[in-house]
Amino acid sequence: MRRGEFHIGPGATSLILVLVVLCMSALGMLGLVNARGDIRLSQRSIAVVEGVSGMYDQSERSLAALDAVVAKWQASGADEAALLESLPEKMTLDGDLVYWEETSSLGQRLQCSVRIGQAGQLPRLTWTKHVVVAEAGQNGMDDDEWN
């Protein structure tokens, strides 16, 4: 019984080489697309973190301004109407609670509220709410960017 010999000609090796090059090119393109997506996600994460930290910074500045107003009001012994008049622009008073909201350029909101303490006691103000809210459609990204 004679064994058949199998020969690979120059055409078959060229074809295999072309297939390997095509596969490597496709994998290279997939890697490039993945890297571009990672860069976009990283840039978006940076923007969100900067926006949120900016809101927190502004809320602390607003709290400091409110603390100065409350300290002056408590020292004067004036009524609640005097406090209401001297509150910073974006703040509202409801009993012993003061409410306001900070916003970022991405549409996120930081809802803030503090409780005013008794005169002569420290701390004068105590956080009761300090929450970031990002509603659908107010995220600074188009819907097709999420998909």
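Please refer to the structure placed before this passage.
Residues numbered from 1 in each chain as written. Predicted model: local features only at pLDDT ≥ 70, side-chain atom pairs only at ≥ 80, totals over all residues. Heavy atoms only, no water.

Draft legend 1. Representation of the overall build of the protein chain. If you tally the helices and strands in the protein chain, you get three helices and four strands. The helix and strand sequence of the protein chain, counted from the amino end, reads α-α-β-β-β-β-α. Looking at the protein chain residue by residue over its 147 residues, the buried ones come to 23%. Excluding contacts between residues fewer than 6 apart, the proportion of contacts in the protein chain whose partners are at least 24 apart in sequence is 48%. (Helix = DSSP H or I, 4+ residues; strand = E, 2+ residues; numbered from the N terminus. Buried < 20%, exposed > 50% of the residue type's maximum accessible area, 1.4 Å probe, protein only. Contact = heavy atoms within 4.5 Å.)

Draft legend 2. Highlighting the pattern of salt bridges. Under the counting rule described, the total for this entry stands at five salt bridges. Note that Asp67 and Arg124 form a salt bridge whose closest N and O atoms lie 3.0 Å from each other. With Asp67 in helix α1 (residues 10-76) and Arg124 in the loop between β3 (109-116) and β4 (125-133), this pair connects stretches of sequence that are 57 residues apart. By relative accessible area, which is 24% here, Asp67 ends up partly exposed. When its relative accessible area of 24% is taken as the criterion, Arg124 is described as partly exposed. With its nearest N and O atoms 3.0 Å apart, the salt bridge here joins Arg109 to Glu101. Residue class for Glu101 comes out partly exposed when judged on its relative accessible area of 33%. (Salt bridge = Lys/Arg side-chain N within 4 Å of Asp/Glu carboxyl O.)

Draft legend 3. Up close: unusual backbone geometry. In this model, Leu122 is joined to Pro123 through a cis peptide bond whose omega is 0 degrees. Mapped onto the secondary structure, Pro123 falls in the loop between β3 and β4.

Draft legend 4. The arrangement of the pairing of β3 in detail. Within β3, seven of the eight residues are buried, leaving the element largely enclosed by the surrounding structure. Bridging between strand β2 (residues 97-103) and β3 involves seven bridges; their strand directions are antiparallel. In the sheet register, Glu102 faces β3, and the bridge partner there is Leu110. Counting the residues between successive antiparallel strands, the hairpin from β2 to β3 contains five residues, one of them, Gly107, with a positive phi of roughly 90 degrees. Inspection of the sheet shows β3 paired to β4 by eight bridges, in the antiparallel sense. In the sheet register, Arg109 faces β4, and the bridge partner there is Val133. (Pairing = 2+ DSSP bridges.)

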